[in-house]
Structures are given as C-alpha cells and as structure tokens.
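Structural features, examined
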Amino acid sequence: MNGNGNGINDRVIVFDTTLRDGEQAPGASMNLAQKLQVARALASLGVDVMEVGFPVASPGDFQSVEAIARQIEGPIVAALARANRPDIDAALKALQPAPRRRVHVFLATSPIHRDYKLRMTPAEVVRVSSGAIEYARERCEDVEFSAEDAARTEPDFLVEVVERAIEAGATTINIPDTVGYAVPSHFAGIIENLRAKVRGIDRVMLSVHCHDDLGMAVANSLAALAAGARQVECTVNGIGERAGNCSLEEVVMALRTRHDFFGLRTGIRTQQLCSASRVVAGATGFQVARNKAVVGQNAFAHESGIHQHGMITNQQTYEVMRPEDVGFKSTNLVLGKHSGRHALTARLRDLGYQLEPEQIDRVFEELKKLADKKKEIYDGDLDALLVGLFQNGSSRARWQLTSLSAVSGTGTPPSAAVSLLSRDGRKLDEAATGDGPVDAVFKCIERITGIKSRLRDFHVASVSAGEDAQGEVVVVVEHEGRTYRGRGLSTDIVLASAEAYLEVVNRIAAGRLQRKAPPEPEVVCGAV
Ligand SMILES: [Zn+2]
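The residue numbers shown here count from 1 along each chain, following its written sequence. Where totals are concerned, whole chains, interfaces and linings use all residues; where local detail is concerned, this predicted model gives features only for residues with pLDDT of at least 70, and gives and counts side-chain atom pairs only at 80 or more. Excluding hydrogens and water, the side-chain values take into account all heavy atoms of the structure.

Turning our attention to the packing of aromatic side chains. Aromatic ring pairs are reported here in terms of the distance separating the ring centres and the angle at which the planes meet. Classification of ring pairs rests on two measures: the distance between centres of Phe, Tyr or Trp rings, Trp counted by its six-membered ring, which must be within 6.5 Å, and the angle between planes, read as stacked under 30 degrees, edge-to-face over 60 and tilted in between. With the rule as written, the count across this model stands at five aromatic pairs. With a centroid separation of 4.9 Å and an interplanar angle of 85°, the aromatic rings of F261 and F262 are classed as edge-to-face. Here F262 falls in the buried class, since its relative accessible area comes to 8%. Seen in terms of ring centroids, F442 and Y501 are 4.2 Å apart; in terms of plane orientation they differ by 15°. Their pairing is stacked. With F442 in helix α16 (residues 437–449) and Y501 in helix α17 (residues 493–514), this pair connects stretches of sequence that are 59 residues apart. As far as the burial class goes, F442 and Y501 line up, both buried. Here a set of aromatic residues connected by ring pairs shows up, and it is made of F442, F458 and Y501. We note R114 situated over the ring of F157; from NZ or CZ to the ring centre the distance is 4.8 Å. Only when the NZ atom of a Lys or the CZ atom of an Arg is both within 6 Å of the ring centre and within 35 degrees of the ring normal do we say a charge sits over the ring. Sitting over the face of the ring of Y135, R139 holds its NZ or CZ atom 3.6 Å from the ring centroid. Three labels apply to residues, based on accessible area from a 1.4 Å probe with only protein chains included: buried if under 20% of the type maximum, exposed if over 50%, partly exposed otherwise in between. Numbering of helices and strands runs from the N terminus, with a helix taken as a DSSP run of H or I at least four residues long and a strand as a DSSP run of E at least two residues long.

Following this line, the structure appears as structure tokens:
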C-alpha cells in the first residue's frame, strides 16, 4: 500500500522525545548541560517538535524544560502533563520562554489502565481528558492529547475519546502503543478506523508513539504512517522506557530510502544523524550497539571478500543507503599534539557538538594535557572529554577526588587510600582493603560519603585505538530502587573507576536534595 495514495500531505512531522521518554530509560538521566547539548543537536538535525520533559515530575525537570525553552531556537518545544490542572500549569510555566510551545496532555484509555491504575469509568476518562484539554487550550494554541495505551483500548471507545478530545480543542491526537504490544497490520488498522470514524479527524494532526518491547516500534510506526498518520514520535538511538522507543534514525531513513513505497518525506537533515547519535550516546552513557541499523559502527562495514569486490564495482550491490547520507565517517583519526584550536573547533562541529567559545577553550586545554600522554587523539577521546566537561560543567558535585593510591599484586591483599574534598571544604580520608583495588576504592568512597548502593554493572572499554588508549569505566548501581550510572575516563583504570563511582554517588546525593519536596500527584503517575 502506498501511504501517499490517500490525498493527504506527504510531509511527516518528526516529534523527538529523547529528552523526555528517552531520559526515562533507567540510568539514562542527564544533567542540564548534557540536556542542552542534546537539544542543540536535535535542533540542528531539524526535528519539528522536541519534547523535553515532564515539568511537574521534579524541580530538575522543570528547570531543564525552562532552560531549553529559553535557549533553543527552531523546533516547537513540548512538555508532558497528566490530565490535571497543576500538571498543565507547570508545563505552561516551564514552556513560557519558548517562541513556539506545545502542551502534551495524556490520560490512559485502555480497560486495564482504567480499572487498575486510574479506577475510572469510561465516561470519567472522557470527562477528565476533555476537561483537561479545554483547560490547556484556553492557555496554549498548540495542545497534543495522547490516549495512553491506545493500542489496547477498545476501538469504539478510542473513537469516542478522540472525537471528544478534538471537540475540546486538541490540535494533535497521538495514538501510543505504550507497552509495545501492537503488530504492524493491527496498528495500521487502528489508524484506519480512527480516520474512517472520528468526526473532525482531518482537522488535527494524527500522531503515533510506539515502544519496542517486541522489536516492532519502527515497523508499527511505518505501518501507521502508511495508513495516514502524519506525526511520528521517536528518540535518537531508540532509547526510552524498557526496550525503548521507535528509533528516529531508522524511521527517517526507512522513509527516505523507500520513498518509492511510502511517498513520504521528513524535514530531517539526515547527514547529521550519526553526530546526533553520538551526542546522545555520550550524554546518556548508553553506547550504540555495533550492529545497530543506520548509526552502528558496523552499519557500513564490509569484511567478506565477496562483499568488498561487489562494493568496489558498485556501492549499491550491498548498501541501500550511502554512508555520507547519514553522516557516517569511516576515518576517525582526528588530532595530534600539534593540532590547533581551529582544527579542534571544526572537528567538534563535525561530531555534532555546538559549544560556546569558553567551552572550546576548556576542551582545548584538556586536549593539550591528553596529547602529552598519548600521541594521537581519536573521536572517541574527544567524546570522552566532552562527557567529562558536561558532567562537571553544571552539577555542583558534593564530593571531589583529591588523591588516590591503590596497591595490588600477588602476596598482598589489595588496598586503597582515597581523599575526597566535600563541597563545604572539608578534606576526608579513608583507607580500605578489598577483593581487588577497585573494590577497595569503592569501599573508601562508600565510607566517606555514607552512601551505600548495590553494584549492578561494571565495565571497562577502550575509547579509542592504540596502546596508550584511554580506558572508560561505566558503573551502574542501584540505590533505593533507582538506577544510577556513572562514567570515568583515564589512562589509569583504577582512577577511572573511582571517578565513575564518585559520579554515581554525587548523583544520588543530588537526587536526595531534589526529591525533598515532590509535588503531590493528583492521579497515579504514568507516561505515554
Ligand atoms: Zn513512551
């Protein structure tokens, strides 16, 4: 079926939710500087709408939505709100500085959510959702309504809810597959049913939001677009709750590569997909799988001799996209000891980073220090430097590492001594033995800070090439039911481990302060 055969516009609106749904992925939380970096990358990628947070959820979320609304130009900036006045008021207040803003109101419509989460009758769901939409629309021109868990909602009831939402003033209607339950033909059928039965459906933008629990988020989104939806909600690298969301780069490149089939287009500057992907990976700490479609390191690599021969004769024998169309660069050797500030600035821009002059100065200083330790600087080294810059750039860390020594070897128990400087200027020392030097360091930090957590994951990777490559340590811990992730980078693995663990501990401490006065939720929390 050709999606453009039904007489509606062929332009698909790309609604990115990396900074809201993506950030809800366990352990993906970003600080303000990291969120601003991602928001800039999304704006230069050309997304039409960016959803950047859930302002009522925490003071930190509110502040980051407000900062992005103030600083980012181009896309419409959206914020999420449950179907109640305090949520909508908070979203509108945070969005106030944005030149173009959208309030995104949601309420669950499926029987299981109505009965067990909301404890509302169908009639109450209709009344509460349309009331909230009316309230939002009186205060904002652009209101999106999401029927949470629409894919598991009775088709007739979904028609009723959507019709009333349009009457109440919603300008975009979003149909989420919140739990990743749909399959493509079923999901297309939901869209077709709405387009056939809902009065006024042609007056609004019809949108979809799919999750990847069964690995079908992109396929379901494409099926819905072919059936007449014209907004797709997605995230860079497909990050998001549980198995994640529809991947922006995959849905965009599918539409572009198979224009012959879909007849649809987006406004995305596809040459920036790889750089947006690395900015998001750096900010969240979620590395992209090597075999990930479109932006994985192996997406355009060919090792088999037969493939290589075919590729030399004609690139299209084994590639449906050209690497340059997604901004994929085969070489990643960047800078050496004698590279100047200009070369650095150009390379940072190539990689998708948009920095203020003083931030470039700081990166340049760090780069010179690193160049004394290693001969060649690779893209991976730059990414890692940037991660460090943004980690330390905005969070006022509660504790800083001032010195560390660790001993290991045969015949002596591994031990470590650590000194931290606390924000109030106190210097705190501790020594410990452990199963290994890293374990001993973690014990020292735990004793000094008094923050106990359970280590869930610990891995070390080389960020670039060569014997003098820097090691990156990622630490994932659980503390009071939440997951925290920290990264450390050094040519010394024990030092990198200490930094990663300290970042986690600082995040836990910051979270404790933030959560002291959470707003009382009116309805049980959820998300689209
Ligand atoms: Zn979602």
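Past the structure itself, the notes keep going.
Time to look at the nonpolar core. In summary, soluble globular proteins display a tendency toward joint burial of nonpolar side chains. We define the nonpolar core as a collection of buried residues of types Ala, Val, Leu, Ile, Met, Phe, Trp, Tyr and Cys that are connected through side-chain atoms lying within 4.5 Å of one another. Among the nonpolar cores identified, the biggest contains 125 residues, and F145, I173 and I175 are the most heavily contacted of them. Discounting residues that sit within four places of it in the chain, F145 has contacts with V105, F106, L107, S129, I133, V161, A165, A170, T172, I173 and N174. In terms of nonpolar packing, the next biggest core, distinct from the first, is built from 27 residues, V418, V473, V477 and Y484 among them. The contact criterion used is simple: two residues touch if any of their non-hydrogen atoms lie within 4.5 Å.

Our focus in this paragraph is the sheet that holds strand β13 (residues 427–433). By definition, the strands of a sheet pair up through backbone hydrogen bonds, in either a parallel or an antiparallel sense. In this scheme, strands are said to pair when DSSP sees at least two bridges between them. Taken in spatial order, the three strands make up an open sheet running β11-β12-β13, and their pairing is antiparallel. Each having just a single partner strand, β11 (399–407) and β13 make up the two edges of the open sheet. Across this sheet, the average inter-strand angle for adjacent strands is 15°, counted without regard to direction. Here strand β12 (residues 415–422) runs beside β13; their pairing, made up of seven bridges, is antiparallel. Within β13, the position partnered with L421 by the bridge is K427. Relative to β13, α16 is tilted by about 140°, and along the sheet it contacts β11, β12 and β13. A fitted line through C-alpha atoms serves as each axis, taken over the contacting stretch for helices, and the angle formed by two N-to-C directions is quoted from 0 to 180°.

Below, the discussion takes up the coordination of the zinc ion. Distances up to 2.8 Å from the metal define which N, O and S atoms are donors, and 3.2 Å serves for Na, K and Ca; water is absent from the atom set, so sites may look incomplete. With distances of 1.8 to 2.2 Å, the protein atoms coordinating the zinc ion are D21 (OD), H209 (NE2), H211 (NE2) and V528 (O). Note on geometry labels: four donors, all angles 85 to 135 degrees, give tetrahedral; four donors become square planar and six octahedral when opposite donors are over 155 degrees apart and every other angle is between 65 and 115; remaining cases are irregular. Around the zinc ion sit four donor atoms, and with donor-metal-donor angles ranging over 94 to 126° the site reads as tetrahedral. Counting gaps between the donor residues of the zinc ion yields the pattern D-x187-H-x1-H-x316-V. Of this pair, D21 sits in the loop between β1 (13–16) and α1 (32–45) while H209 sits in strand β7 (residues 205–210), and the two are 188 residues apart along the sequence. When its relative accessible area of 0% is taken as the criterion, H209 is described as buried.

Turning next to helix α8 (residues 217–226). Where burial is concerned, most of α8 is hidden: nine out of the ten residues are buried. Each element contacted by the buried residues of α8 is listed here: β6 (172–177), α7 (184–197), β7, β8 (231–234), α9 (248–257) and α10 (259–262). Positive phi shows up at G228, right after α8, with a value of about 120°.

With that settled, consider the sheet that holds strand β15 (residues 471–479). In space, the three strands of this open sheet follow the order β14-β15-β16, with antiparallel pairing throughout. The strands lining the two open edges of the sheet, one partner per strand, are β14 (454–462) and β16 (482–490). Averaged over all adjacent pairs, the angle separating strand axes in this sheet is 15°, with direction ignored. Across eight bridges, β14 lies against β15 in antiparallel orientation. Within β15, the position partnered with R454 by the bridge is E478.

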